[in-house]
Structures are given as structure tokens and as C-alpha cells.
Amino acid sequence: MAQETEQQAPSTRPAAPARALLPSILPAAAVGVLASLTFVGVSSAAEQLQRVLWGPLPKALGVGPYSVLWMFVMLVATGAAVGLVVWKVPGHAGPDPATTGLNAPVLPLYVLPGLVLAAGLMLAGGPSLGPENPIIAVNVGLVAWLGTRFLPRRPGALWPVLAEAATIGALFGTPVAAALVISEALAGKPMPGLLWDNLFAPLTAGAFGAITTTLVAHPTFDLGLPPLGHPNGRDVLAALVIAPVAALLGMCAVRAFPYVHAAFQRLRHPMLMLPAGGVVLGALAAVGGHLTLFKGLSEVGVLAANPDGWSAGQFATMTVVKLAALLVAASCGFRGGRIFPAVFIGTALGLCAHALVPAVHPSLGVATGVLGILLAITRQGWVSLFTAAVLVASPAIIALLCIASLPAWLLVTGRPQMQLRADGTSIR
């Protein structure tokens, strides 16, 4: 009977032969190296500018680098500078960032310099956004132009996929994140061959992007928190509470996103919207302090280096302020992504849980807090799990994260995402 059932089962799709996959290796590898160097170049230039703007310059003016006055001045000035780029530079630094996600459109070549400039100014000036969305968009546009120009026989749809995978690999320092994102994008789509046949070229691009970044910049996501050890019942309970709470907190920002975006859109001009956003961000920085500025990756390291260094109230304040700053920065027109600041929000929330209930292990609090907030904001299940896991060097955390993701996902699935359509309505 079992033999008969096996014979009646539908045949699987034929796998692609090796000769069909081999020609994609060199182009994918080249895309990986190019995407990584673009990311490292933009990030390094922004970091150098940040050091000047938040170090020698305020000291020369006799102002504290992280005084309320200087934070306010810098955020408003950054809004004006980015607004000027959006207004005057050809291409207006790309589409409204509230309408874009990790899957970037192929932008014309003349748009890319303005987008790079707007993203670099934002990263250096302090708004709470990361580099992922604009860097992916820049690499997609650049790789699509180069690919169609020098290898016109290759399918045009191949280049954006390679560029996205390469950039994600470069951003996270590992091709695993790229493979997970592409796998989610391929789910439900008709595709020839097996899944790994379709992932072969993107994974190659992601691997070369990751290894290039590792060799050039030596990135790490491990926060150095104490390992969890063998989990117990209290850990399971904590995971089941913290991740859904983080998801609910993230959904509050998601719900408010179209309304805050609409409020800034009423100003109609980038030289009004972005400086106005800078004013609000300056006020938030005065409340939350300098750790709530920037994309948040370095600041997460500061929190993790001393998980008992702040009170529960201070962690809660930083969580709420950073979430509000992310919401405002993403709504008023700053070019940036939402993943890196979301990691800060989840970390602060997890450490707040540890401060409130010392029995909550800090590694568990951070990982489940990041998981919940990323599920709400990105709606990318695999990337959320992966990011939460790599922050904590503890294999035991993975099972707890999978358990915690279940109630958190039930809270966010089918509800609006933190991305808008061109008409300003939420995407579900």
C-alpha cells in the first residue's frame, strides 16, 4: 500500500543541472563584493562625518557634544541638510522612504548620488534610522544598470535579487540572513527547479558580500551578554511574556505610522517636513538622552556592556523615546531603514524586563524583546529570529525564541505593516 501511494505521489520539480548554475558564480561574487564595498564606503564616510559633527565641532564652539542644545541644533540642521538634498538634487533622493522596504525598486542611475548623500547625512546627524533601506536601493540600482549594460543576456530580474542578497549579507556579516530574506520572498511564487537552485546565485552574492565586509570592517552582532545556560520554566514564561509585549509596543508605532506620516505630508515641502522632523527629534533626544540618537548599533553595545547600569524607568524611557524617534524619522522623510533602531528598542525593553524582574536573564530579555519588536515592524519572521539569535552567543536561546515567536506572530499577522502605499494607506 505504501509502495502504491509512493507511485501515485506527484513528481517533484526537476533540479537544475550544475552546468546551469556554474555561470552565475562569477557575476554573483562580483555583485557581492561591489555591494559590500558600497555599504562599507557609505558607512565609513558617515562615521567620519559623525565624529567631526559630534566631537571637535561642538568643542570648538564651546558646547557639550551631547548637550540638549547641541543635540537639538544638530537634528534640526540635519533635517535642513537632507531637505535641501531632497529638494534640489536630481531624483530627489528617491521615493518617499515610508513607502519602501527591504525589497527596493530599481531606481534610475541619476537618483543614486542624491540618495547616498541623504543617507550619509542622516547617519551622521543623529536621526534614529539605519542604513539598510537606502543602501539596498543604491546597490539594486547600480547593479541593475551594470548588469544590463555588461551582461545583457542575463535575465533583468536577476540583478535586483543578487544586489539585495549581497547587501543583506554585507549588512549582517553573514549570508544566512540573505538566504532567509530571499526564501521568504520566493515563498508562494512559481519558480523553476528546487528552492536551493533558486537560492544558489543569491546565496553566492550574500556570501561574498558578507566575507568582504568581514575582511574590511570586522563587524560583530554579539553583544557579549552572559550566556543563558540550560533554560528552565521561568525562562519559558519570560519569553512568552516579553516577545508579545514587544510586539504590541511595536504595533502601537505601526498603527500611528500613517497618521504621523500624513501630518508631516501636510507641510508639503521637504524644507519644511524634514526640519520639522528634526525639531521633534531634538525634543525627544532631550528626554531620552544621547543613547537614543543614531541608528543604535553602537548604543546597543553600550547598554549591553552594563545591563544593570540603568533603572527600569530609564530603560523604559529609552525604549519609548527611541520608538517615537523611529516613528518620526521614518515619517518625515529621512532616508533610512528600521531594523537597526528596532534592535535598540528591543534591547532596551528586554533590559527593562531584567531590571524589573532580576530573575529574567538579560540575554533572554534582549533576544525576546528584539524578536517581538522586529516581528511587528518588519513582518519578516526568519530575519527577526535570526537577528535576535545572533545578538546572544547562546545556542539554548533558539528554542525559546521559536516558542516566543508564536504568540508574537499571532498578534501581528494580518495587521498593518510599517510601510505605506503611495496614497499613504497601510500595507497589510
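Our subject is the structure that appears above.
Keep in mind that this is a model prediction, so the values were computed, not measured.

Colleague: Can you walk me through helix H17 (residues 381–390) in this structure?
Modeller: An α-helical turn contains 3.6 residues, so any two residues separated by three or four positions project in the same direction. Along H17, 8 of the 10 residues are buried, which leaves the element largely enclosed by surrounding structure. Taken together, the buried positions of H17 are occupied by Gly381, Val383, Ser384, Leu385, Phe386, Thr387, Ala388 and Ala389.

Colleague: How should I be thinking about the environment of leucine 391 in this particular structure?
Modeller: Along the polypeptide, leucine 391 turns up in the loop between H17 and helix H18 (397–412). Classification of leucine 391 as buried rests on a relative accessible area of 1%. Each residue touching leucine 391, except ones within four places of it in the same chain, is listed here: Phe221, Asp222, Leu223, Val343 and Val370.

Colleague: Looking at this structure, how should I read a positive patch on the surface?
Modeller: Together, Arg255, Arg415, Arg421 and Arg428 line one region of the surface with positive charge. Within the secondary structure, arginine 421 sits in the segment after H18.

Colleague: Whenever I open this one, unusual backbone geometry confuses me. Can you help?
Modeller: Residues apart from glycine generally show negative phi values, whereas peptide bonds are mostly found in trans. Notably, alanine 93 is not glycine yet its phi reads approximately 60°, a positive angle. Position of alanine 93 relative to the elements: it lies in the loop between helix H5 (68–88) and helix H6 (112–125). A positive phi is found at phenylalanine 294, a non-glycine position, where the angle reads about 65°. Exposure remark for phenylalanine 294: the relative accessible area of 4% places this residue in the buried category.

Colleague: What exactly am I supposed to notice about the nonpolar core here?
Modeller: Nonpolar side chains tend toward joint burial in soluble globular proteins. Ranked by internal contacts, the top residues of the largest apolar core, which has 126 residues, are Trp54, Phe172, Leu281, Leu303, Phe334, Leu371 and Leu401. Among the elements that line this core, the one with the most residues is helix H14 (residues 312–332), at 12 residues. Filtering out sequence-adjacent residues up to four positions away, leucine 303 remains in contact with Leu291, Trp310, Phe315, Met318, Phe344, Thr347, Ala348 and Leu351.

Colleague: Could you clarify how one ought to interpret H6 in this entry?
Modeller: Across its 14 residues, H6 extends 20 Å between first and last C-alpha, which sits within 8% of the 20 Å expected from 1.5 Å per residue. Burial analysis of H6 places 10 of its 14 residues in the buried class, the great majority of the element. Those residues of H6 that sit buried are Leu112, Gly114, Leu115, Ala118, Ala119, Gly120, Met122, Leu123, Ala124 and Gly125. The inward-facing, buried residues of H6 contact helix H3 (25–53), H5 and helix H7 (132–150). Positioned one or two residues after H6, glycine 126 has a phi angle of 115°, which is positive.

Colleague: Even after reading the chapter, I still don't get a nonpolar patch on the surface, so can you show me in this structure?
Modeller: On the surface, Val33, Leu37, Phe208, Ile211, Leu215 and Val216 cluster together to form a nonpolar patch covering roughly 520 Å² of accessible area. Of all the secondary structure elements, the ones that give two or more residues to the nonpolar patch are H3 and helix H10 (195–217). No other element matches the 4 residues that H10 contributes to the nonpolar patch.

Colleague: Please clarify how the packing of H5 against helix H12 (residues 270–288) should be interpreted in this entry.
Modeller: A pair of packed helices is captured by two measures, namely the crossing angle of their axes and the spacing between those axes. Contact pair H5 / H12: the axes reach a minimum separation of 7 Å and the direction vectors enclose 160°. Taken as axis vectors, H5 and H12 run roughly antiparallel relative to one another. Handedness of the crossing formed by H5 with H12: right-handed. Contact residues: H5 offers Val68, Met71, Phe72, Leu75, Val76, Gly79, Ala80, Val82, Gly83, Leu84, Val86 and Trp87, while H12 offers Pro270, Met271, Leu274, Pro275, Gly278, Val279, Leu281, Gly282, Ala283, Ala285 and Ala286. Here the contact of H5 with H12 is built from residues that sort into 19 nonpolar, 4 polar and no charged.

Colleague: Can you help me understand the packing of helix H16 (residues 362–378) against H18 in this one?
Modeller: Here H16 crosses H18 at 35°, and the two axes come no closer than 9 Å. Crossing handedness for the pair H16 and H18: right-handed. Residues Ser363, Leu364, Ala367, Thr368, Leu371, Leu375 and Ala376 of H16 pack against Ile397, Leu400, Leu401, Ala404, Ser405, Ala408, Trp409 and Val412 of H18. Residues of the contact of H16 with H18, tallied by class, amount to 12 nonpolar, 3 polar and no charged.

Colleague: For this particular structure, what's the right way to read empty space enclosed by the protein?
Modeller: Unoccupied space between atoms shows up once a probe the size of one water molecule is rolled over them. Tallying each qualifying case throughout the model produces 3 cavities of 30 Å³ or more. Here the largest cavity defines a volume of roughly 120 Å³. Around the largest cavity, the lining comprises 15 residues; the ones closest to its centre are Thr100, Leu115, Asn133, Pro134 and Ala137. Residue composition of the lining of the largest cavity, grouped by class: 9 nonpolar, 5 polar and 1 charged. Volume-wise, the second largest cavity comes out at about 50 Å³. If you trace the second largest cavity, you find it lined by Leu75, Gly126, Pro127, Ser128, Leu281, Leu284, Ala285, Thr292, Leu293 and Ala325. For the lining of the second largest cavity, the leading source of residues is H12, giving 3 residues. Tallied by class, the residues present in the lining of the second largest cavity amount to 7 nonpolar, 3 polar and no charged.

About the thresholds
Residues numbered from 1 in each chain as written. Predicted model: local features only at pLDDT ≥ 70, side-chain atom pairs only at ≥ 80, totals over all residues. Heavy atoms only, no water. Buried < 20%, exposed > 50% of the residue type's maximum accessible area, 1.4 Å probe, protein only. Helix = DSSP H or I, 4+ residues; strand = E, 2+ residues; numbered from the N terminus. Contact = heavy atoms within 4.5 Å. Patch = residues over 30% accessible without salt bridge, like charges linked within 9 Å, V, L, I, M, F, W, Y side chains within 5 Å. Areas by Shrake-Rupley, 256 points an atom, 1.4 Å probe, with all protein chains shown as cover. Salt bridge = Lys/Arg side-chain N within 4 Å of Asp/Glu carboxyl O. Lys, Arg positive; Asp, Glu negative; His and termini not counted. Charge placed at Lys NZ, Arg CZ, Asp CG, Glu CD. Core = buried A, V, L, I, M, F, W, Y, C linked by side-chain atoms within 4.5 Å. Expected span 1.5 Å × (residues − 1). Axes fitted to C-alpha atoms, helices over the stretch in contact; angles between N-to-C directions. Parallel < 35°, antiparallel > 145°, perpendicular 65-115°, else oblique. Left-handed = near helix turned anticlockwise from the far one by under 90°. Nonpolar A, V, L, I, M, F, W, Y, C, P; charged D, E, K, R; others polar. 1 Å grid on protein atoms, 1.4 Å probe; cavity = no way out; pocket = protein on both sides within 12 Å on 5 of 7 lines; lining within 4 Å. Points joined across faces, edges and corners; volume = space filled by probe spheres on them.

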